[in-house]
Amino acid sequence: EFIKEPFIFKFKNTYFYFNPKASRSYNLIISDIPNEKSTHIFLEKLLKNINSGIQFVNVGASIGEFLIVYSKYKNVKYAIGFEPIDECYKSLIISKLINNLENLEIYNVLIGDKDDIVEFFYKPKSPTGSSIKLRENAISLKKQMHKIDTLFERGIIKEEITIMLIDVEGAEYEVILGAKNFINKVKPLIIMEYNQISKKFYKITDILSILGENYKVFRLNKFGKLDEELDNTYNVVFINEALNFPI
């Protein structure tokens, strides 16, 4: 927050725009260090081994640690990001432009279980902790929310092999609930947080009840590999057995 001027930096051989008004959202990547190393390991291996074109959907994209980096991959045919915080959204747009990411579309909206204006709790001192779930030391804002299913019906989200990354600070259940038709049709691989914050609002079984019996859940461990140790998780991965993802 002591940096007052914007600048360009590189993370994972990708250019990023540093927006001083969103400074607390960058953290380690300014020093070319990932904030979530295990997720990067998993995604890099997964994308390396997928030969066909895919769609990468990032709900809660922040300043683009994942969205900007993986939109550059040759097999990412479509990339779609959603970020409700205005200054983070501006950062994403500029990073998209400087990397010439013509396959990437970014929307300044919330994703959830309804198409409506809803209350969003923005935390200026910890923006990555902002959520539709009530937060201490947060500013209440009104923001547009859309369901994934609505965007799928409109053609904004495509019927393609999809990797979906969700980071919405406890509101993951609502995102999945609003994506039932898309999930039933497309059967995306879903990566999302399931940590101490998430566990206050939903259980893994709640998510599985929406996804259906063909989905299996795995822990994404600190080495970027999948296992079934679900008692101690930070991120989890849901995979539909009907699709043969090269994990």
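Here the structure is a predicted model, which means the values were calculated and not measured.

Rules and cut-offs
Residues numbered from 1 in each chain as written. Predicted model: local features only at pLDDT ≥ 70, side-chain atom pairs only at ≥ 80, totals over all residues. Heavy atoms only, no water. 1 Å grid on protein atoms, 1.4 Å probe; cavity = no way out; pocket = protein on both sides within 12 Å on 5 of 7 lines; lining within 4 Å. Points joined across faces, edges and corners; volume = space filled by probe spheres on them. Helix = DSSP H or I, 4+ residues; strand = E, 2+ residues; numbered from the N terminus. Nonpolar A, V, L, I, M, F, W, Y, C, P; charged D, E, K, R; others polar. Contact = heavy atoms within 4.5 Å. Phe/Tyr/Trp six-rings, centres within 6.5 Å; stacked < 30°, edge-to-face > 60°. Buried < 20%, exposed > 50% of the residue type's maximum accessible area, 1.4 Å probe, protein only. Lys NZ or Arg CZ within 6 Å of the ring centre and 35° of its normal. Core = buried A, V, L, I, M, F, W, Y, C linked by side-chain atoms within 4.5 Å. Patch = residues over 30% accessible without salt bridge, like charges linked within 9 Å, V, L, I, M, F, W, Y side chains within 5 Å. Areas by Shrake-Rupley, 256 points an atom, 1.4 Å probe, with all protein chains shown as cover. Salt bridge = Lys/Arg side-chain N within 4 Å of Asp/Glu carboxyl O.

We now examine the layout of surface pockets. Put simply, the largest pocket is a space of about 650 Å³. Forming the boundary of the largest pocket are 41 residues, of which G60, S62, T128, D167 and E169 lie nearest the centre. Secondary structure elements with two or more residues in the lining of the largest pocket: β3 (54–59), β6 (110–111), β9 (162–166) and β10 (189–193). The residue makeup of the lining of the largest pocket, split by class, is 23 nonpolar, twelve polar and six charged.

In this section: the side chain of S198. With respect to the helices and strands, S198 occurs in the loop between β10 and α7 (204–211). Sequence-distant contacts of S198, that is, excluding residues within four places in its chain, are made with G170, E172 and E193.

Moving on, we get to the packing of aromatic side chains. Under the criterion given, the structure shown has twelve aromatic pairs. Considering the side-chain rings of F82 and Y107, the 5.7 Å spacing of their centres and the 25° angle between planes classify their relative orientation as stacked. With F82 in strand β4 (residues 76–82) and Y107 in strand β5 (residues 104–107), this residue pair connects regions lying 25 residues apart in the sequence. Looking at F82, the relative accessible area reads 1%, which means it is buried. Through successive ring pairs, a cluster of aromatic residues spans F7, F9, F11, F16, F18 and Y26. One residue, K10, lies across the ring of Y15, its end atom 5.2 Å from the ring centre. Just above the ring of Y78 sits the side chain of K158; from NZ or CZ to the centre is 5.5 Å.

Side chains of a nonpolar character, in soluble globular proteins, are inclined to be buried together. With 43 residues, the main nonpolar core has F56, L67, I163, L189 and I191 as its most contacted residues. Sequence-distant contacts of I191, that is, excluding residues within four places in its chain, are made with F42, L43, I163, M164, L165, I166, V236 and V237.

What follows is about a nonpolar patch on the surface. A surface patch of nonpolar side chains, about 260 Å² in accessible area, is lined by I8, Y15 and I98. Position of Y15 relative to the elements: it lies in strand β2 (residues 14–18). The exposure class of Y15 is partly exposed, given its relative accessible area of 40%.

Side chains bearing opposite charge may pair, as long as their charged atoms lie close to each other. One pass over the structure, following the stated rule, counts six salt bridges. E160 is the salt-bridge partner of K77, the closest N and O atoms lying 3.5 Å from each other. In this pair, K77 sits in strand β4 while E160 sits in the loop between α4 (148–153) and β9, placing the two residues 83 residues apart along the sequence. Residue class for K77 comes out partly exposed when judged on its relative accessible area of 42%. Judged by relative accessible area, E160 falls into the partly exposed class, the value being 21%. Residues R219 and D227 are paired through a salt bridge, measuring 2.7 Å at the closest nitrogen-oxygen approach. According to the relative accessible area criterion, D227 is buried, its value standing at 17%.

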